[in-house]
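Residue-level structural notes
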Amino acid sequence: MSGVTVFPVDGASHDAIPAEWRAHTLSDAHRAQLVKLVGEGGVLTAPADRYTYCRDRLPFGTFRLRVGKLPATLPAAIVCPADEAALQAVIAWAVEAQIALIPFGAGSGVLGGTMPLNCEVMVDLKRMNRIVEINEIDGTVTVQAGMNGGQFEAALNARGYTAGHLPQSINMSTVGGWAACRGAGQASSRYGKIEDMVVGLKALLPNAQPLEVRAVARRAVGPSIKDLMVGSEGVFGFITQLTLRMWRLPAHEAGAVLAFPTLQAGFDALREIIQSELRPAVMRLYDEMESHQRTKDIAAFAHKPILCILKFSGLRELAEVEQRLSLAICAAHGGELTDDGPYRHWETTRYQSYSIQWQTGGYYMDTIEVTGTWTGLPHMYAAMSEAVHALHPDIHFGAHWSHIYAEGACQYMTVRLPPMPDDDVALALHRKAWDVVERLCLAHGGSIAHHHGAGLFRNAWLREELNTGMDVLQIIKDGIDPGNLLNPGKLGLRAAPGAIVL
Ligand SMILES: Cc1cc2nc3c(=O)[nH]c(=O)nc-3n(C[C@H](O)[C@H](O)[C@H](O)COP(=O)(O)OP(=O)(O)OC[C@H]3O[C@@H](n4cnc5c(N)ncnc54)[C@H](O)[C@@H]3O)c2cc1C
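An account of the accompanying structure is given in this report. As the structure is a computational prediction, the values presented were derived from the model and not from experiment.

Re the pattern of salt bridges
- Per the counting criterion, the structure on display carries 23 salt bridges.
- Note that lysine 69 and aspartate 424 form a salt bridge whose closest N and O atoms lie 3.3 Å from each other. Placement of lysine 69 in the loop between helix 4 (59–66) and strand 2 (77–79) and of aspartate 424 in helix 18 (residues 423–443) is noted, with a sequence separation of 355 residues between them.
- In this structure, aspartate 227 and arginine 182 form a salt bridge, with 3.4 Å as the shortest nitrogen-oxygen distance. With aspartate 227 in helix 10 (residues 226–229) and arginine 182 in the loop between helix 7 (175–181) and helix 8 (188–191), the pair connects residues that are 45 residues apart, well separated along the chain.

Written out as structure tokens, the structure reads:
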């Protein structure tokens, strides 16, 4: 894009950052107090650092930055506590000073959950990055919330285990961020989502009080406090430690690629597999657009255009039976076993991000994931495809389904607008595409978010999804955070006075 000022994040040239973007940093007195709590190196106030932390991976923020506009505000500072005691002291300081904080894992969230709206102080948790305990008898691992996901999984693999949570963003996210966003990994059909994996946790509430949910298999002591924290996106407290299930690394793994004659045939096959209590580790079904990108050179797809990738894993004998039975179900629905190239390609690129290449090329590329029921999915997909295509002649819309449940599945969509001369027009159109998708999801009985969370960008549709549940969340928020000091304005909750509204 020509004429665009992109502000560098490193070195002396951050002087280019306009004065109004630098305003509202910490007072010297507040900075000195924080340095006492976390050490000199643990408090960042340089404009370049604050610029780096002014957004997560929300595409809207990227679109704004690439034309030289700040997505919202800069954070006043970034604080990096090394342990729970230091974090507790930082929270107590914030309550005393009435300064708002935002928990920050690795900033890979795609809904603006860590975006400062009012010069909040960012609390980066990545120094809290240790595995605390592996309990091989209980099959659990206890880990500090700031540990990098890829390093966590690698450490478990080295001991012969897996957490089974393998998001595409595994190397750029933290374990705490997974829980805070209610995330899902690529093997969710077998191991579940993160909420199925967390058995216990420790957190610090907005008033700095500790909360512990002991790690036990099940309990019957009222509604789940654990689930108040899992998915709370930093508004109800800081998750400091998690105890997760872990599993033995599979002894055997095998992939299969199938071509289906129609999308409906693919839906029917996956539904029957899962409703028959078979649990392939991975089940992925692509619409015609996404299938074509991956199968251009494979003959079977000329007459059966829908791609399905399956992966079976576990004890060899069991996995082989699961494979045989699953493939028989696919065959009954017209699925044809074919070249395993798309499986191998998916395996080798499964942790890579595709958005950046488009976003740096000036495209308005975004992804939206929703949950639909088996009854609703086919109609929901068709209605969304038609409505999004009607917005612009050159819009790209593609979808796949890769988190499969007995009741339905996650529909993961890529929506991409071409580069456009007027950024404001493009941003309005991008938001319109989101609105069309989220409203049609609600109209077809789905949920507006499957695993990316709500953050900031989904605020507009939360009330319709949660109805009076939204009031319950606000009452809880007001009760545990009366000053609205922890990540205000996110998850559809009340923003602070003077906050930027996107
Ligand atoms: C290329 C790409 C691929 C992705 N693929 C997937 C995927 O396959 N599956 C998936 O689920 N997601 C995916 N995501 C989204 C993102 O990676 C997840 O939401 C991830 O869980 C966020 O973790 P994080 O540590 O980066 O959190 P952040 O982005 O730092 O924070 C996200 C939210 O959680 C809060 N938070 C973070 N840590 C804590 C804590 N310890 N306590 C309390 N609140 C906290 C923050 O305040 C914020 O509201 C993808 C993102 C990208 C860019």
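Here's the deal with the packing of aromatic side chains
- A full pass over the atoms with the stated rule returns 13 aromatic pairs.
- Note on phenylalanine 267 and tryptophan 374: the rings are 6.2 Å apart at their centroids and 65° apart in plane angle, and the pair reads as edge-to-face. Of this pair, phenylalanine 267 sits in helix 11 (residues 263–275) while tryptophan 374 sits in the loop between strand 16 (364–373) and helix 17 (377–389), and the two are 107 residues apart along the sequence. With respect to class, phenylalanine 267 is no different from tryptophan 374; both count as buried.
- What links up through ring pairs into an aromatic cluster is the set Phe267, Trp374, Tyr381, Phe397 and Trp401.
- The ring of tryptophan 358 has arginine 416 sitting right over it, with the charged end atom 3.6 Å from the ring centre.
- Over the ring of phenylalanine 60 we find arginine 431, and its NZ or CZ is 5.2 Å from the ring centre.

Basis of the calculations
Residues numbered from 1 in each chain as written. Predicted model: local features only at pLDDT ≥ 70, side-chain atom pairs only at ≥ 80, totals over all residues. Heavy atoms only, no water. Salt bridge = Lys/Arg side-chain N within 4 Å of Asp/Glu carboxyl O. Helix = DSSP H or I, 4+ residues; strand = E, 2+ residues; numbered from the N terminus. Phe/Tyr/Trp six-rings, centres within 6.5 Å; stacked < 30°, edge-to-face > 60°. Buried < 20%, exposed > 50% of the residue type's maximum accessible area, 1.4 Å probe, protein only. Lys NZ or Arg CZ within 6 Å of the ring centre and 35° of its normal.

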